[in-house]
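A closer look at the structure
The chain contents come next:
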Amino acid sequence: MRVVSGIQPTGNLHLGNYLGAIVQWVKMQQEAECLFFLADLHAVTIFNSPDQMRTNVREMAAALIASGVDPDKSVLFNQARVPAHAELAWLLNCTARIGWLNRMTQFKDKAGKNREGMSIGLYAYPVLQAADVLIYQATHVPVGEDQKQHLELARDIAEKFNTDFGTDLFTLPAAMIAGPAARVMSLRDGSAKMSKSDPSDMSRINLTDDADTIAQKIRKAKTDPEPLPATMEELDGRPEARNLVGIYAALSGESVNHVLGHFAGQGFGAFKPALAELAVESLRPITTRYNELREDHAAIDAILVKGAEKAAAKAAPTLKRAYEAMGLFR
């Protein structure tokens, strides 16, 4: 079982990243061979200043390590240090079809009405995502609901390449759908996913927030006037309440129904302080470790270089066979 997953280095990790992806990554380290990468090649599909990009990569690496990703148990690296990702992406661009990419909903969402002004990279980045996992013969890819379409594209590309060139080169990766905390929503809008790109910092809990800031954000999180019910089904139509209860359940390791059983009949005046205390204590060791790591650029760079060397060695045989299958000399 080989698991491959990446995250864009576009700013600090927030609680949604942590509960939706990183907690799963940490568990997977014990169960499978794991390659985790900072998707800096994806990040440059929109403009980033070079200095900010370098800072973001280092700080994201520090945050992942502080959250429990162990470079001795997993391969941790940044994408740009392994050129095989970009090389294979070009080969797969020649296999993928425009009609397939036209159906990708995330490009439509990100481009909006400015479709003609977007970079080709933003349009074609699902093909780079395919290369990210196919280059390592990934058997499983952890994805949220919003990324399932891209994994299906990766499988389609792999299958077409194998068929076109009469090879069994690419493994068709299976999706690993994360658990019930996979979609942590905004603290200001329970129908929108918690996001680094939201202009309101009050919409998310950053892993770098101090205890007072976390407590303030939870205290001011949008809710409704009704008390908490006894069962999850009764939360239907109450997205903000469902979100906060889900966060509590994920942080405590309890089921949503167990949390509701404890707080049933109580209002948010009682629930929010309990959630704030739980969040502060859960994130405290991560924040402490992150602050220790983030300033040690040499140590972070050494970890990423070592990880990239391991990743490149694993990628080389697949890239070589892809060139050979297409009749290309290199």
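As a reminder, the structure under discussion sits directly above these lines.
So, here's what we can say about the structure. This one's a predicted model, so the numbers in the text were calculated from it and none came from an experiment.

What counts, and at which threshold
- Residues numbered from 1 in each chain as written.
- Predicted model: local features only at pLDDT ≥ 70, side-chain atom pairs only at ≥ 80, totals over all residues.
- Heavy atoms only, no water.
- Helix = DSSP H or I, 4+ residues; strand = E, 2+ residues; numbered from the N terminus.
- Rg over C-alpha atoms; globule rule 2.2 N^0.38 Å.
- Buried < 20%, exposed > 50% of the residue type's maximum accessible area, 1.4 Å probe, protein only.
- Contact = heavy atoms within 4.5 Å.
- Areas by Shrake-Rupley, 256 points an atom, 1.4 Å probe, with all protein chains shown as cover.
- Lys, Arg positive; Asp, Glu negative; His and termini not counted.
- Charge placed at Lys NZ, Arg CZ, Asp CG, Glu CD.
- Expected span 1.5 Å × (residues − 1).
- Bend = angle between axes of the 7 residues up to and from the residue.
- Salt bridge = Lys/Arg side-chain N within 4 Å of Asp/Glu carboxyl O.
- Core = buried A, V, L, I, M, F, W, Y, C linked by side-chain atoms within 4.5 Å.
- Patch = residues over 30% accessible without salt bridge, like charges linked within 9 Å, V, L, I, M, F, W, Y side chains within 5 Å.
- Phe/Tyr/Trp six-rings, centres within 6.5 Å; stacked < 30°, edge-to-face > 60°.
- Polar contact = N/O pair within 3.5 Å; in protein donor to acceptor, adjacent residues only side chain to side chain.
- Axes fitted to C-alpha atoms, helices over the stretch in contact; angles between N-to-C directions.
- Parallel < 35°, antiparallel > 145°, perpendicular 65-115°, else oblique.
- Nonpolar A, V, L, I, M, F, W, Y, C, P; charged D, E, K, R; others polar.

A count of helical and extended segments in the protein gives 13 helices and five strands. Taken over the C-alpha trace, the protein has a radius of gyration of 21 Å; the compact-globule value for 330 residues is 20 Å, and the two agree within 12%. Reported as C-alpha extents along the three principal axes, the dimensions of the protein are approximately 70 × 45 × 40 Å. Expressed as a percentage of the 330 residues in the protein, the buried residues total 46%. Sequence-distant contacts in the protein: of pairs separated by 6 or more residues, those separated by 24 or more amount to 75%. In the structure as shown, the protein presents an accessible area of about 15,400 Å², 53% of it carried by carbon and sulfur atoms. For the protein, the distance from the average position of its 36 positive side-chain charges to the average position of its 39 negative side-chain charges is 3 Å.

An α-helical turn contains 3.6 residues, so a residue and the one three or four places further along point in the same direction. Over its 29 residues, helix α13 (residues 297–325) runs 41 Å from end to end, which matches the ideal 42 Å to within 8%, given 1.5 Å per residue. The largest bend along α13 measures about 35° and falls at Ala 315, with the proline Pro 317 one to four residues further on. Here α13 has its buried residues at Ile 300, Leu 304, Gly 307, Ala 308, Ala 311, Ala 315, Thr 318, Leu 319, Ala 322 and Tyr 323. Gly 327, located one to two residues past α13, shows a positive phi value of around 75°.

Another aspect to go through is the pattern of salt bridges. Scanning the model with the defined rule gives 17 salt bridges in all. A salt bridge links Asp 168 to Arg 321; the nearest nitrogen and oxygen atoms lie 3.3 Å apart. Residue Asp 168 is found in the loop between α8 (148–164) and β5 (174–177), and its partner Arg 321 is found in helix α13; the two are separated by 153 residues along the sequence. When its relative accessible area of 39% is taken as the criterion, Arg 321 is described as partly exposed. Note that Arg 289 and Glu 292 form a salt bridge whose closest N and O atoms lie 3.5 Å from each other. Note that Arg 289 and Glu 292 are positioned in helix α12 (residues 268–293) at a spacing of three residues, about one turn of the helix. Overall, the relative accessible area of 36% leaves Arg 289 in the partly exposed class. Residue classification places Glu 292 among the exposed residues on the basis of a relative accessible area of 52%. Linked through salt bridges whose partners overlap, the residues forming this network are Asp 201, Arg 204, Asp 209 and Lys 217.

With 15 residues, helix α7 (residues 120–134) extends 21 Å between its outermost C-alpha atoms, agreeing within 8% with the 21 Å of an ideal straight helix rising 1.5 Å per residue. Pro 126 marks where α7 bends most, by close to 45°. Most of α7 is tucked away, with 12 of its 15 residues classed as buried. What α7 keeps buried is the set Leu 122, Tyr 123, Ala 124, Tyr 125, Pro 126, Val 127, Leu 128, Ala 130, Ala 131, Asp 132, Val 133 and Leu 134.

Counting residues in hydrophobic clusters, the biggest one holds 60 residues, and the most contacted among them are Leu 15, Leu 64, Ile 247 and Phe 271. Apart from residues no more than four positions distant in its own chain, Ile 247 is found in contact with Leu 15, Leu 19, Val 184, Leu 187 and Leu 275. Listed in part, the 46 residues of the second largest apolar core include Ala 39, Phe 107, Ala 154 and Ala 315.

Before going further, it helps to spend a moment on a positive patch on the surface. The grouping of Arg 188, Arg 219, Lys 220 and Lys 222 at the surface amounts to a positive patch. Relative to the helices and strands, Arg 188 resides in the loop between β5 and α9 (211–219).

What the rule picks out here adds up to 10 aromatic pairs. Both rings, one in Trp 25 and one in Phe 36, keep their centres 4.3 Å apart while their planes meet at 0°; by these two values the pair is stacked. Remark: Phe 36 occurs in strand β2 (residues 33–38) and Trp 25 occurs in helix α1 (residues 15–28); sequence separation between them is 11 residues. Overall, Phe 36 belongs to the buried group, its relative accessible area being 0%. Seen in terms of ring centroids, Phe 263 and Phe 271 are 4.9 Å apart; in terms of plane orientation they differ by 85°. Their pairing is edge-to-face.

Relative to the helices and strands, Ser 67 resides in the loop between α3 (50–66) and β3 (75–78). Relative accessible area serves as the criterion here: at 9%, Ser 67 is assigned to the buried category. Within the structure, the side chain of Ser 67 is placed 2.8 Å from the backbone oxygen of Ala 63, a separation counted as a polar contact. Once residues lying within four places of it in the same chain are set aside, the contact partners of Ser 67 are Leu 13, Tyr 18, Ile 22, Val 26, Leu 207 and Ile 286.

The interhelical angle for the contact between helix α10 (residues 239–252) and helix α11 (residues 256–263), taken along N-to-C directions, is 110°, at an axis separation of 9 Å. It follows that α10 is roughly perpendicular to α11 by the angle criterion. Contact residues: Val 245, Gly 246, Tyr 248, Ala 249 and Ser 252 in α10; Val 256, Val 259, Leu 260 and Phe 263 in α11. For the contact of α10 with α11, a count of residues per class yields seven nonpolar, two polar and no charged.

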